Amino acid sequence: MGGYVLRRVLQSLLILLGISFLTFILLYLIPADPARQIAGRSATAQTVENIREQLGLNLPFYQQYFRYLTGLLQGDLGRSYLQKTEVGELIRSRLPATLLLMAGAIISELAIGLTMGIVAALRRNTATDTSLMVLSFVGVSSPQFVIGILLLYVFSVQLGWFPIGGYGTFRHMVLPSLTLGLLGAGWYSRMMRSSMIDVLRQDFIRTARAKGLKRWQVLFGHAMPNALLPVIAMIGIDIGLFMSGIVVVESVFGWPGIGQLAWQAIQRVDIPIIMGVTLVSAFAIVLGNFLADLIVPLIDPRIKLR
Amino acid sequence: MNRTLLAGAAALLAATALTPAQADDIKQGGSMIVTYKDDVSTLDPAIGYDWQNWSMIKSLFDGLMDYEPGTTNLMNDLAEDYSISDDGKVFTFKLREGVKFHNGRELTAEDVKYSLDRVTNPETQSPGAGFFGSIKGFDAVAAGDADSLEGVTVVDPYTVKIELSRPDATFLHVMAINFSSIVPKEAVEEWGADFGKHPVGSGAFSLEEWTLGQRLVFKRNEDYWRAGVPKLDEITFEVGQEPIVALLRLQRGEADIPGDGIPPAKFLEVTKDPQYKDLIIEGGQLHTGYVTMNVKMPPFDKPEVRKAVNMAINKDRIVRIINGRAVPANQPLPPTMPGYDNNYEGYAFDPDAAKALLAEAGLGDGFETELYVYNTDPNPRIAQAIQADLAAIGIKAEIKALAQANVIAAGGEPDQAPMIWSGGMAWIADFPDPSNFYGPILGCAGAVKGGWNWSWYCNEELDALATAADSMTDPAQKAEREEAWRKIFIAVMDDAAWAPVFHEQRFTMRSERLGGPDAIFVDPVHIPVNYDYVWAKDVQ
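Residues numbered from 1 in each chain as written. Chains lettered and ligands numbered in written order. Predicted model: local features only at pLDDT ≥ 70, side-chain atom pairs only at ≥ 80, totals over all residues.

1. Quick notes on the overall build of chain A
Check the secondary structure of chain A and you find twelve helices and zero strands. Reading chain A from its N terminus to its C terminus gives the helix and strand order α-α-α-α-α-α-α-α-α-α-α-α. Taking the principal axes of the C-alpha coordinates as reference, chain A spans close to 85 × 55 × 30 Å. Summarising the internal contacts of chain A: among those between residues at least 6 apart in sequence, 70% fall at separations of at least 24. (Helix = DSSP H or I, 4+ residues; strand = E, 2+ residues; numbered from the N terminus. Contact = placed C-beta atoms within 7 Å.)

Listed below in structure tokens is the structure:
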């Protein structure tokens, strides 16, 4: 177990290093000149040159990357060209909003997905089952910006139940959490359905029924815990899915998280922010996968890590 | 002619609406909510240089000079009085006494000197440093050889003298741009690079709260020296809201001004709705949208070809494409800019004459070229209209739609972009003076690698005339100077360095509960809105 963890940590670090290198090289190749961008349209050639020197943009590529990496190891993500603020501070100040949104999304995807999956499994091959599965298919395949705008239009603009975007109260959280969670809910309902059907066929369920347990006792006491296993392993991987989703969802709902920060930075080619958010997201995905792998054997002792 | 009359009448109205007697009748108090899509970048007046923070900085800081609200007329701000030497090279400013920074300290001549030294110091990385090039000693400071501008001297606590190395008729305008705002040394030193997040000025509002990515709150400066200003007690800027969401919120009474304007997709619907008729204010803008033609890249080295392009573009149709949010242009200067030539007719739309000109240049069969364009709506659509117009006279233009930074980079290379549609990157004047529309974008100084003169047009004769015009510092020479500039821009058109297409109009929407003269909602200088003079109807 200890050897496995160590190996995975080293592997993760290597992945992160690789991502930082690839992102840096991609952004380096963009034909925009950051010094000129900072200097603005009225700057003299000398001002531009001064800025280039102060930021080390006149150095060769490998030196620039090395400088960035050195800063990174000290927790310094650099300074935004256009926001004129430490990238670390920008991300830190927006991280709570993103985490809150993710928590809301996990809750809504589990609540919706698991319920749909269980109901579908119990009503297998009926019209209920079919319509639930069609619905889940719609959830999986609809682009989030479409769902987001649709929800916003119906529930905020037309019905006025929720605020039109923004951040602060529980009511602000409902629609963005739903939008972000619907994709996962689709997946979970399908997984839960097949997993539940599998478990319900097992001998121990028949035994439980035979010894006279009530239907709900069998369902929640025996079938659910076993059916949930593969689902829990998924949550860690979800974080990766969310990372791509938050860019869209946060922009649609004006949610002040790192997804919106990334979107604004991409539009304005603010390289240090793009770089910083990419690294933080990569870190979150790597961490999520890592944790998922660690948690599974804790829940199911039959699985061993080697 | 009619337009001038109208503009004149509008200016008159605006002026009467703001006479002190009436302005005093407006009670102070109340608040408003302004929304924006992007977070505010910085509120450091030496750094901030986008249209979103431009007006915010003006509300937080003061400079020696400013403009009458809603107009392009200079007025004294922190300078109670000033005098100009006969040779136009020495400006002596007398400061108002008793003006206080938000931290309570009195503002003195030392602060003026400190602020000018700071903005020109290369370490500040100010995008506006170049505006101060005429101050004596600028070159030494810009090169890092001196810490202090030789030409700026503190005569006494309330008098500052600024010596120039050359006469500069635009100098009072320079003293009115944000970069010349007066900042307190102790606050700048306390916050260092983060001064832009913790601004301390002497303006009508002070910054109360800034939650990154969410909101900024401006609070009324109770000690503001200008009596009765500002009108509102508080302004909340909510950021991170898409324009469409901002519009919906305004319609539901949750917000007062959508700072990014009316979203194009909703423009016709909103402007045609009688319910909003009085809530939408239209105003001119010191802006021109143009097609540059790189005179260093054949066949655009031939004036006939450039003239043909001017005649081929159907400007009325392009204005229709953007739902009439602009007026057609025939010269580089916008109509509200001093020096605009009302009698100039430009190149009329005439594809047949254009074809004839091409034939004259030996290009009767047309040619292939590239048109660079910024890739956000409506610019690609406008480029397609231009492409179709050019095709009609035999010019096959391939559209290169790129990110803004990439188009700007291409324009700054001598041999990369034969044509650029300037939309989304076009020149908007830094200050309302014609010289600002020449040097960087049409003069030889801008025709350098990384410059903004994307036509690479460099006419030394016109450069000399421009220098001469900017040497007319005597206010009595105002008309003469305007005439000189008028001639310069018409000469540019004779060479057809650009094909001017339109001048954008601005449309600001405000909620029912806000009051104030229309002109301040489309203020030509306090862009987008002059926050200091907006008042709340619910406290009257």
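Next, the rest of the story.
2. Focus on the packing of helix H6 (residues 127-141) of chain A against helix H8 (residues 170-200) of chain A
Residue and element names in this part refer to chain A. Their axes nearest at 7 Å, the elements H6 and H8 cross at an angle of 140°. One element, H6, and the other, H8, form an angle in the oblique class. H6 and H8 meet at a crossing whose hand is left-handed. Contact residues: H6 offers Leu132, Met133, Ser136, Phe137, Gly139 and Val140, while H8 offers Leu182, Leu183, Ala185, Gly186, Trp187, Ser189 and Arg190. (Axes fitted to C-alpha atoms, helices over the stretch in contact; angles between N-to-C directions. Parallel < 35°, antiparallel > 145°, perpendicular 65-115°, else oblique. Left-handed = near helix turned anticlockwise from the far one by under 90°.)

3. So, the interface of chain B and chain A
Counting from both sides, the interface comprises 34 residues of chain B and, opposite them, 36 residues of chain A. Among the elements of the structure, helix H8 (243-251) and helix H14 (404-411) of chain B are those that each provide at least two residues to the side of chain B that touches chain A. Broken down by class, the residue content of the side of chain B that touches chain A amounts to 16 nonpolar, twelve polar and six charged. (Nonpolar A, V, L, I, M, F, W, Y, C, P; charged D, E, K, R; others polar.)

4. So, the confidence of the model for chain A
For chain A, the mean per-residue pLDDT works out to 85, and 97% of the residues sit at or above 70. Within chain A, helix H5 (residues 87-122) of chain A carries the highest mean pLDDT (91), whereas helix H2 (residues 34-39) of chain A carries the lowest (79). (pLDDT = per-residue confidence, 0-100.)

5. Points about unusual backbone geometry
Geometrically, the link from Val229 of chain B to Pro230 of chain B is a cis peptide bond, its omega value of -5° lying close to zero. Mapping Pro230 of chain B onto the fold places it in the loop between strand S9 (215-220) and strand S10 (234-238). Between Ile527 of chain B and Pro528 of chain B the backbone carries a cis peptide bond, its omega angle lying at 5°. Unusually for a residue other than glycine, Lys84 of chain A sits at a positive phi of about 55°.

6. As for the environment of Asn453 of chain B
With respect to the helices, strands and loops of the structure, Asn453 of chain B is situated in the loop between helix H15 (439-442) and helix H16 (460-470). Classification of Asn453 of chain B as buried rests on a count of 24 C-beta atoms within 10 Å. (Buried ≥ 20, exposed ≤ 12 C-beta atoms within 10 Å, placed from the backbone.)

7. Details of the packing of H5 of chain A against helix H10 (residues 215-253) of chain A
Residues and elements named next belong to chain A. Contact geometry for H5 and H10: axes closest at 11 Å, N-to-C directions at 120°. As summarised for this structure, H5 and H10 are arranged oblique, according to the angle between their axes. Judged by the twist between their axes, the crossing of H5 over H10 is right-handed. Contact with H5, carried on its side by Thr98, Leu101, Met102, Ala105 and Ile106, involves Ile235, Asp238, Phe242 and Ile246 of H10 and no other residues of that element. Residue classes in the contact of H5 with H10 are distributed as seven nonpolar, one polar and one charged.

8. Quick notes on the sheet that holds strand S4 (residues 79-84) of chain B
Residue and element names in this part refer to chain B. Read from one edge to the other, the open sheet built from four strands follows the order S4-S5-S7-S6, with strand pairing classed as antiparallel. The open sheet has two free edges, formed respectively by S4 and strand S6 (152-156), since each of these has just one partner strand. Adjacent strand axes in the sheet meet at a mean angle of 20° when their direction is disregarded. One ladder, built from five bridges, connects strand S5 (residues 90-95) with strand S7 (residues 159-163); its direction is antiparallel. Residue pairing across strands places Phe91 opposite Ile162, the latter belonging to S7. (Pairing = 2+ DSSP bridges.)

9. Here we look at the sheet that holds strand S15 (residues 367-374) of chain B
Residues and elements named next belong to chain B. Read from one edge of the open sheet, six strands run S14-S18-S13-S17-S15-S16, paired in mixed fashion. Of all strands in the sheet, those with a lone pairing partner are strand S14 (326-328) and strand S16 (395-402), marking the two edges. The sheet shows a mean angle of 25° between the axes of neighbouring strands, taken without regard to direction. Pairing analysis gives two bridges linking S15 to strand S17 (residues 419-421), with the strands arranged parallel. Looking at S17, one finds that Tyr372 is bridged to Ile420. In the packing of H14 onto the sheet, contacts are made with S15, S16 and S17, and the angle to S15 comes to roughly 135°.

10. Some words on helix H7 (residues 144-158) of chain A
Residues and elements named next belong to chain A. An ideal rise of 1.5 Å per residue puts 21 Å on 15 residues; H7 measures up with 20 Å between its terminal C-alpha atoms. Its axis deflected by about 25° at Leu152, H7 carries its strongest bend there. In this structure, the buried residues of H7 make contact with H8 and H10. The first or second residue beyond H7 is Gly160, which carries a positive phi of 70°. (Expected span 1.5 Å × (residues − 1). Bend = angle between axes of the 7 residues up to and from the residue.)

11. With respect to the nonpolar core
Membership of the largest hydrophobic core comes to 221 residues, with the highest contact counts inside it found for Val277 of chain A together with Val291, Ala308, Val309, Ile386 and Val534 of chain B. With 14 residues, H5 of chain A is the largest single contributor of residues to this core. Once you skip the residues sitting within four places of it in the chain, Ala308 of chain B turns out to touch Ala354, Leu357, Leu358 and Ile393 of chain B. (Core = buried A, V, L, I, M, F, W, Y, C linked by C-beta atoms within 7 Å.)

12. Here's the deal with the confidence of the model for chain B
All names here are of chain B. The predicted model of chain B has a mean per-residue pLDDT of 91, with 96% of residues at 70 or higher. A low-confidence stretch, residues 1-21 (pLDDT under 50), is modelled with 14 contacts involving residues beyond four sequence positions or located in other chains. Across the assembled chains, the prediction reports ipTM 0.80 with pTM 0.85.

13. A look at the pairing of S10 of chain B
Residue and element names in this part refer to chain B. With five bridges connecting them, strand S1 (residues 31-35) and S10 associate as parallel partners. Paired with Thr35 across the strands is Glu238, a residue of S10. Looking at chain direction, S9 and S10 are connected through five bridges and run antiparallel. Counted as the bridge partner of Lys219 is Glu234 from S10.

14. Here we look at the environment of Asp147 of chain B
Assignment of secondary structure puts Asp147 of chain B in the loop between helix H5 (138-142) and S6. Along the primary structure Asp147 of chain B and Pro122 of chain B are separated by 25 residues, whereas in three dimensions their C-alpha atoms are 9.6 Å apart.

15. Overview of H10 of chain A
Residues and elements named next belong to chain A. Compared with the 57 Å implied by 1.5 Å per residue over 39 residues, the 42 Å span of H10 between its first and last C-alpha is markedly short. A maximum bend of about 45° is found in H10 at Met224, where proline Pro225 lies one to four positions downstream. Gly254 lies just past H10 and shows a positive phi near 60°.

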